[in-house]
Amino acid sequence: MRSFEQEISKIAAVGMKPGMEVIRELLRQLGNPHENLAVIHVAGTNGKGSVCAMLERCLREAGFRTGMYTSPHMMYYNERFLINGEMISEDDLLHLLSDVEIAVGETEKAVGERPKEFEILTAMAFLWFSRQNVDLFILETGMGGRFDATNVCDKPLLSIITSISMDHENYLGNTLRLIAGEKAGIIKAGSSLVTSCDAEEALAVLRQEFEAVQEDRPGVQMLLVKDLCDWETKSLGLAGQEVTLRTPLRTYEALFLPKPGEYQCANLACAVLAWELLAGEQSALPTGKERLKEESLRKGLAALSWPCRLEQVRESPAVVLDGSHNPDGIRQLARWLSGERDRYDRVILVMGMLEDKDRLSATAQLDGLVSRVIITKPLSDRAGHWEELARGFRRIGEDHVEFIEDCHQALQQAIALAAENDLVLCTGSLYLVGELRKNWKEKDLF
């Protein structure tokens, strides 16, 4: 039996092209299933997956039947399609693709262009979650926003934009203003916006777009985490953190978040502001807002599981997988590592990064915090000259940097070098940590 990956590669066109004509026609061929869904739409450079996961887990705890569509996947395509936290089965995924295949051909006839993989996956998601009658659908953009295939939802319950920084410059633009302009494309008339963006240049673009789209509609709000929230944290090491969070409505004492890193607090605040909006008097939530109690929020956050975000997969030596893959993400990782560095005798870094990322800016953040570096190759055709990542480590010395192309061998070598109180940290690309986690899980090493 052929795998889903093989089947979709036969159907989808290759490459990437901005525009909404193809996805709209594909969905029209399928009966516009996206129009049946209550959508919470989430965009941003970093943190959007974490906000989706937090909000979904809390809404599920409150008794809603949730659907969540995220990308990319860490190990399997099935991860992109979750209902109440459960992945779609392989059989259902293949049947769903078969259901969409005819529409793919009809779309090509209608618009003269064959849908790309992400457009097909997004159409599948709308069809699947519509058929499954989810109460709420948490929808993460793939890249950007304005021309992202997910941006067909004209009336989301709520829009969320997390942090905005430099990434995907080849597609979104080479300035913060241009990138923010693309993210702002998910802002819709009649829908409130929550954002954890704190870069003034980007915020100015979001404000301008929000005001232009809303035209003074009553009850519609733009809520800024940086203006409305503050917090204190108590690190619990790799087990997570305790956060006291203050919003305009209340103070949440000692929330347990099983994800380390203070940068997660902005994501947490974003999710909580969204929760409060959905629970509010002017909520667009169709039914059930009375379920949104603090107890469900606390239980949902405490039960959060979101792989490859400072995820510990081994205790001694500690092995941590982190999907930071751009300079801002690595900067946040470095900030966490700086605060936790004294817990470990040495830090052995396994790192691989795609060629289209700003590798030198990223590695500069970690240079000086690690004891040894093993450079490896992410499993992607965008890995390019993967060895050049070593150029960013100038303080460590050449005798403490080595190259192992196979990422599994690289991790094995790092573990072999590590002592009991060392940290093995794997980062730089979602493709890298996803592949490592997949191997770890399939060999039952957790």
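Look above for the structure.
Residues numbered from 1 in each chain as written. Predicted model: local features only at pLDDT ≥ 70, side-chain atom pairs only at ≥ 80, totals over all residues. Heavy atoms only, no water.

A. Representation of the sheet that holds strand β9 (residues 230-235) in the model. Ordered by their spatial adjacency, three strands build an open sheet running β9-β10-β11, and the pairing between neighbours is antiparallel. The open sheet terminates on both sides in strands that have one partner only, identified here as β9 and β11 (251-257). Averaged over all neighbouring strand pairs, the angle between strand axes comes to 20 degrees, with direction disregarded. Pairing of strand β10 (residues 241-246) with β11, which is carried by five bridges, proceeds in the antiparallel orientation. Paired with L245 across the two strands is Y252, which belongs to β11. (Pairing = 2+ DSSP bridges. Helix = DSSP H or I, 4+ residues; strand = E, 2+ residues; numbered from the N terminus. Axes fitted to C-alpha atoms, helices over the stretch in contact; angles between N-to-C directions.)

B. How the structure looks around the nonpolar core. I40, L59, L158, I160, L245 and L268 are the most contacted members of the largest nonpolar core, which has 45 residues in total. Contributing elements (two or more residues each) for this core: β1 (39-43), α3 (48-61), β5 (136-140), β6 (158-161), β10, β11, α10 (263-279) and α11 (294-302). Here the element with the most residues in this core is α10; it accounts for eleven residues. Apart from residues no more than four positions distant in its own chain, L268 is found in contact with M54, V243, L245, L255, L257 and L301. (Core = buried A, V, L, I, M, F, W, Y, C linked by side-chain atoms within 4.5 Å. Buried < 20%, exposed > 50% of the residue type's maximum accessible area, 1.4 Å probe, protein only. Contact = heavy atoms within 4.5 Å.)

C. Molecular detail of helix α1 (residues 4-11). Of the residues making up α1, those classed as buried are F4, E7, I8 and I11. The buried residues of α1 occupy an angular sector of 90 degrees when the element is viewed end-on, so they sit on one face. Exposed residues pointing more than 90 degrees away from the buried face of α1 are listed as E5 and K10. Its buried side turned inward, α1 meets α4 (90-111) and α5 (117-131). (Arc of directions from axis to C-beta.)

D. Representation of the pairing of strand β15 (residues 372-375) within the structure. The alternating pattern of β15 places R372 and I374 and V373 and I375 on opposite faces, both of which are buried. In the sheet, strand β14 (residues 347-351) pairs with β15 via four bridges, with the strands oriented parallel. Bridge assignment links V350 to a residue of β15, and that residue is I374. The parallel pair β14 and β15 is bridged by helix α13 (residues 359-366), and the resulting crossover is right-handed. Sheet topology note: the β15/strand β16 (residues 401-403) ladder contains three bridges and is parallel. Of the residues in β16, the one forming a bridge with V373 is V401. (Right-handed = clockwise from strand over helix to strand, strands pointing away.)

E. Looking closely at the side chain of S380. Mapping S380 onto the fold places it in the loop between β15 and β16. Separated by 3.0 Å, the side chain of S380 and the backbone nitrogen of R382 make a polar contact. Apart from residues lying up to four places away in sequence, S380 is in contact with L354 and Y431. (Polar contact = N/O pair within 3.5 Å; in protein donor to acceptor, adjacent residues only side chain to side chain.)

F. Representation of the sheet that holds strand β8 (residues 222-224) in the model. Taking strand neighbours across the sheet as the criterion, the eight strands line up as β4-β3-β2-β5-β1-β6-β7-β8 in an open arrangement whose pairing is mixed. What marks the edges here is a single partner per strand, and that holds for β4 (86-87) and β8. Inspection of the sheet shows strand β2 (residues 66-69) paired to strand β3 (residues 81-83) by three bridges, in the antiparallel sense. If you follow Y69 over to β3, its bridge partner there is F81. Strands β6, β7 (192-195) and β8 of the sheet are contacted by helix α8 (residues 200-214), whose axis makes an angle of about 165 degrees with β8.

G. Main features of the packing of aromatic side chains. All chains considered together, the criterion is met by six aromatic pairs. On the numbers, 5.0 Å between centres and 65 degrees between planes, the contact of F4 with Y77 is edge-to-face. Of this pair, F4 sits in helix α1 while Y77 is found in the loop between β2 and β3, placing the two residues 73 residues apart along the sequence. Relative to F403, the ring of W386 has its centre 6.5 Å away and its plane inclined at 65 degrees; by these criteria the two rings are edge-to-face. One end of the pair, W386, is in the loop between β15 and β16; the other, F403, is in strand β16, and 17 residues separate them in sequence. Among the aromatic residues, those joined into a ring-pair cluster are Y69, F81 and F118. (Phe/Tyr/Trp six-rings, centres within 6.5 Å; stacked < 30°, edge-to-face > 60°.)

H. Molecular detail of the pairing of strand β12 (residues 311-314). Relative to strand β13 (residues 318-321), β12 runs antiparallel, the two being bridged by three bridges. Residue pairing in the sheet places R314 in a bridge with V319 of β13.

I. Local environment of the environment of T66. As for its placement among the helices and strands, T66 is situated in strand β2. As a C-alpha pair, T66 and R146 span 80 residues in sequence and 25 Å in three-dimensional space. Once you skip the residues sitting within four places of it in the chain, T66 turns out to touch E56, L59, R60, L82, I83, N84, V134, L136 and I138.

J. Quick peek at the pattern of salt bridges. One pass over the structure, following the stated rule, counts 26 salt bridges. Notably, a salt bridge pairs R57 with E61, separated by 3.2 Å at the nearest N-O pair. Residue R57 and its partner E61 are both found in helix α3; the two are separated by four residues, about one turn of the helix. Residue E61 is classed as partly exposed on the basis of its relative accessible area of 30%. Between D422 and R346 there is a salt bridge, with the nearest N and O atoms lying 3.0 Å from each other. Of this pair, D422 sits in the loop between α14 (407-417) and β17 (423-427) while R346 sits in the loop between α12 (327-340) and β14, and the two are 76 residues apart along the sequence. For R346, a relative accessible area of 30% puts it in the partly exposed group. Each member of the salt-bridge network shares a partner with another, and the members are E200, R207, K226 and D227. (Salt bridge = Lys/Arg side-chain N within 4 Å of Asp/Glu carboxyl O.)

Purely geometric numbers; function is a separate question.
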